[in-house]
Amino acid sequence: MKPRFARAAMLLLALSCASVVSNANAQSADTMASVSRSITVVKNSDLLFGDFIAGTTNSNFRMHAVTGNLIQQSGDAVSIGGTQSRASFTATGTPFAQANIRRSQNSIDIVRDGGSETMRVDNFWLGNSGGLRDQILDAAGQATYFVGGRLRIGPNQAAGTYRGTFNVTIEYQ
């Protein structure tokens with residue numbers, strides 16, 4: 001009986017191995033990659049504070065990024081009009097992707113043409129018409145961003161046109 005038992009055990013072992021092999025099957029997995037269009041940025045308008053008559057004290061004016069309005073915050077300088085606008089940029093990229101605007105510096109000095117006198121522009125404010133920095137590009141893959149800031153006019157500031165440059169970056173998130 002031992003040989004029969006051994007044969008039966010071997011046969012049972014062989015059948016169990018065969019059943020394991022017969023239950024195996026191959027599976028496959030899909031792979032995918034998505035490439036987004038690069039973002040292009042076009043400047044629509046510059047940040048322009050307009051024309052002023054300097055006062056005898058430090059004066060601060062704010063160009064509001066959302067409304068585009070110039071607001072006097074302090075001092076006795078007087079805004080006398082001229083061209084005033086918030087900066088505006090349009091980003092174009094992959095539709096419905098999130099794109100965020102960032103500034104590269106917190107403040108800049110603008111310098112008088114033909115001179116060395118400066119005024120400070122700081123507290124840059126970035127966003128869209130609703131005040132959001134982070135936006136979802138629309139179905140055409142576009143979004144418009146606005147930039148405002150604060151202009152600091154010194155007491156008895158020298159007359160002239162003052163210019164400077166600031167940088168923004170718009171990137172996917």
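Further up the page is the structure itself.
Overview of the structure. Since this is a predicted model, take the numbers as computed values, not measurements. Residue positions within a chain follow its written sequence, with the count starting from 1. For this predicted model, a pLDDT threshold of at least 70 governs which residues receive local features, and a threshold of 80 or more governs which side-chain atom pairs are given and counted, while totals over whole chains, interfaces and linings are taken from all residues. The basis for the side-chain values is all heavy atoms of the structure; hydrogens and waters are excluded.

### Details of the environment of A87
To be explicit about the condition: Every helix listed is a DSSP run of H or I at least four residues long, and every strand listed is a run of E at least two residues long, numbered separately from the N terminus. Each residue is placed in one exposure class: buried if its accessible area under a 1.4 Å probe, protein chains only, is under 20% of its type's maximum, exposed if it is over 50%, and partly exposed if it falls in between.
Note on placement: A87 falls in strand 6 (residues 87-92). A87 gets classed as buried once you look at its relative accessible area, which sits at 1%. Put simply, A87 and A65 are 22 residues apart on the chain and 7.8 Å apart in space, counted from C-alpha to C-alpha.

### Quick notes on the environment of F146
The test is simple: We call two residues in contact when some of their heavy atoms are within 4.5 Å.
Note that F146 resides in strand 11 (residues 142-153). A relative accessible area of 12% means that F146 is categorised as buried. Measuring from C-alpha to C-alpha, the distance between F146 and L132 comes to 9.6 Å, with 14 residues separating the pair along the chain. Apart from the residues within four sequence positions on either side, F146 is in contact with A65, R86, A87, S88, W125, L126, G127, N128 and S129.

### Considering the side chain of Q135
Condition: Pairing of N or O atoms within 3.5 Å defines a polar contact, subject to two protein rules: one partner must be a possible hydrogen donor and the other a possible acceptor, and residues neighboring in sequence count only if both atoms are side-chain atoms.
Along the chain, Q135 turns up in strand 10 (residues 134-136). A distance of 3.0 Å separates the side chain of Q135 from the backbone oxygen of T144, its partner in a polar contact. In contact with Q135, other than residues within four places in its own chain, are A97, Q98, A99, N100, N128, A143, T144 and Y145.

### Examining the pairing of strand 8 (residues 107-112)
Quick reminder of the rule: Following DSSP output, two strands are said to pair if at least two bridges run between them.
Where strand 8 lies against strand 9 (residues 118-127), five bridges are found, and the strand directions are antiparallel. Counted as the bridge partner of D109 is R120 from strand 9. The turn linking strand 8 back onto strand 9 is made up of five residues, and G114 within it adopts a positive phi angle of 75°. Direction of pairing for strand 8 relative to strand 12 (residues 162-163): antiparallel, over a ladder of two bridges. The residue bridging V111 from the neighbouring strand is R163, located in strand 12.

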